[in-house]
Amino acid sequence: MEGPEGHSHRDGEIDDLIDVLEVASASDLITLSSQVHPGDIEQALDRVSDARRIDILRNLPAAVLSEWADYLSPGDVEVGLDHLTESEQREVLDSFSDDELVDFLQELEVDHRPRFTELLDDQKREVSEALLCYPEETAGGRMTTACASVEVGLTVKQALDQLRDSSRATELLSRIFVTDQHKRILGKLRLRDLAFSTWDTPISELMDDDRTSISALADQEEAAQMIARYDLMVLPVVDQEDRLIGIITHDDALEILEEESTEDIERGAGIGSDSADLAYLQIPVLRHLKRRFGWVLVLAFLALSSGWVLHAYEDVLTSYYILAIYLPMVVAAGGNTGGQAATMVIRAMSLGELGRGEFWRVVWKEGRVGLFAGRAIGDL
């Protein structure tokens, strides 16, 4: 991965970066920001001690925090903002793209949001408030409104003039959506289609008729799966009247898939997902306990019930003590089979291969697999 000045930073060097962060001064952090990619900084910060991480965030200049903000957790950004002046806070918030800003605001406590939204300019505040209306895990909650679109009746020159005026505020110009006067999608263009065509060519002759889109209220995982399924660079998001209101980009899709995979893995292991946005070392011990104790307690009672079963058949085991040899095998086989079934089903759910309607089909299939496996082991 290339850093801001073209310096590469391999994963094997993260440990060295941690050592640097442990002793870095405020001026060292400024120098570091120009030499190391923010993604590597974020990974290293997750592994330094809590006290040192907070000390680093408190000493970050506004310019450096602006550069790192997209890569830091919302909690870390809030710590950094708390120690800046209002004008510096405004500078950092203005550096956010609208989707990243909304992600930051969504992760804050509700009563903490107003002190940051009040610092936004009118346009950014209006966009943020509109996006905050959508639940966090929907396509609308993850989209950016900074998309490129032109109306169908324009020529190439008119379209380029229109795009030139909005180019700075547009996140991705490689895909340009063609809409009617009501902002309904009719197709899309590539920037190179405009660049290599004569100025008087109508864009209706250059556009394709792909109207693939997703509702703003659809689940974010469905959006990520559509981007992967149709090999899209961007997925347009529409409102209830099919009007274009934003896009989800391929990098957003990668983040969504990572989040959803983490959530599925944690659920499969009986772990709550309320802290999935934090690195492992940043989650407090008591919160780890809260997320994991429930399933441990359930397993403890199940194990206790198994003990009562063994106690009930104590006479049989005493008479045929050789049966006790098979107990570890039965326990291990049951645990392994359950783990395999959970892995297969969770993976299928993550890929969109299963829905709620297939519940009993899954039970029937896994039940047969378990019976056949048990029969095969019993015949050995």
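Below or above, wherever it landed, is the structure these notes cover. Note that the structure is a prediction, hence the values are computed from the model and not measured.

### What about the packing of aromatic side chains?
Here's step 1: Applying the stated rule across the entire model yields three aromatic pairs.
Here's step 2: Between F96 and F104 the ring centres are 5.7 Å apart and the planes differ by 15 degrees, which places this aromatic pair in the stacked class. Grouping residues by exposure puts F96 and F104 together as buried.
Here's step 3: Residues F104 and F116 carry aromatic rings whose centres are separated by 5.6 Å and whose planes lie at 65 degrees to one another, so their mutual orientation is edge-to-face. Residue F104 is located in helix α8 (residues 98-107), and its partner F116 is located in helix α9 (residues 114-117); the two are separated by twelve residues in the primary sequence. Comparing F104 with F116, the two get one shared label, buried.
Here's step 4: Counting every residue linked through ring pairs, the aromatic cluster contains F96, F104 and F116.
Here's step 5: Directly above the ring of Y230 sits R229, whose terminal nitrogen or CZ lies 5.4 Å from the centroid.

### Some thoughts on empty space enclosed by the protein
One simple way to see leftover space: roll a probe sized like a water molecule over the atoms.
Here's step 1: Scanning the model with the defined rule gives one cavity of 30 Å³ or more in all.
Here's step 2: Considered as a void within the structure, the largest cavity measures approximately 60 Å³ in volume.
Here's step 3: Taken together, F177, I185, K188, D210, R211, T212, L232, V234 and P236 make up the lining of the largest cavity.

### Quick word on the environment of I377
Here's step 1: Along the polypeptide, I377 turns up in helix α19 (residues 359-378).
Here's step 2: If near-sequence neighbours (up to four positions away) are discounted, I377 is found in contact with M329 and A333.

### A closer look at the nonpolar core
Here's step 1: Membership of the largest hydrophobic core comes to 34 residues, with the highest contact counts inside it found for L21, L81, L93 and F104.
Here's step 2: Where this core is concerned, the elements lending two or more residues are α1 (14-23), α2 (26-33), α3 (38-45), α4 (50-58), α5 (62-68), α6 (74-82), α7 (86-95) and α8.
Here's step 3: If sequence neighbours within four positions are ignored, L93 has contacts with L81, L101, F104, F116, L119, L120 and K124.
Here's step 4: Formed by 18 residues, the second largest nonpolar core is a distinct cluster that contains V102, L131, A216 and A224.

### Here's the deal with the environment of A62
Here's step 1: Relative to the helices and strands, A62 is located in helix α5.
Here's step 2: Here A62 falls in the buried class, since its relative accessible area comes to 6%.
Here's step 3: Distance from A62 to H37, taken between C-alpha atoms, is 17 Å for residues 25 residues apart in sequence.
Here's step 4: Here A62 is in contact with L84, E88, E91 and V92, once residues within four sequence places are set aside.

### A short note on the pairing of strand β2 (residues 172-179)
Here's step 1: Bridge count between strand β1 (residues 147-151) and β2: four bridges; the pairing is parallel. Among the inter-strand pairings, E151 is bridged to a residue of β2, identified as T179.
Here's step 2: With helix α12 (residues 156-166) bridging β1 and the parallel β2, this β-α-β connection has right-handed handedness.
Here's step 3: Bridge analysis of β2 against strand β3 (residues 185-190) gives five bridges, and the strand direction is antiparallel. In the strand pairing of β3, T179 is matched with I185.
Here's step 4: Counting the residues in the hairpin turn of β2 and β3 gives five residues, including K183, whose phi is positive at 70 degrees.

What counts, and at which threshold
- Residues numbered from 1 in each chain as written.
- Predicted model: local features only at pLDDT ≥ 70, side-chain atom pairs only at ≥ 80, totals over all residues.
- Heavy atoms only, no water.
- Phe/Tyr/Trp six-rings, centres within 6.5 Å; stacked < 30°, edge-to-face > 60°.
- Buried < 20%, exposed > 50% of the residue type's maximum accessible area, 1.4 Å probe, protein only.
- Helix = DSSP H or I, 4+ residues; strand = E, 2+ residues; numbered from the N terminus.
- Lys NZ or Arg CZ within 6 Å of the ring centre and 35° of its normal.
- 1 Å grid on protein atoms, 1.4 Å probe; cavity = no way out; pocket = protein on both sides within 12 Å on 5 of 7 lines; lining within 4 Å.
- Points joined across faces, edges and corners; volume = space filled by probe spheres on them.
- Contact = heavy atoms within 4.5 Å.
- Core = buried A, V, L, I, M, F, W, Y, C linked by side-chain atoms within 4.5 Å.
- Pairing = 2+ DSSP bridges.
- Right-handed = clockwise from strand over helix to strand, strands pointing away.

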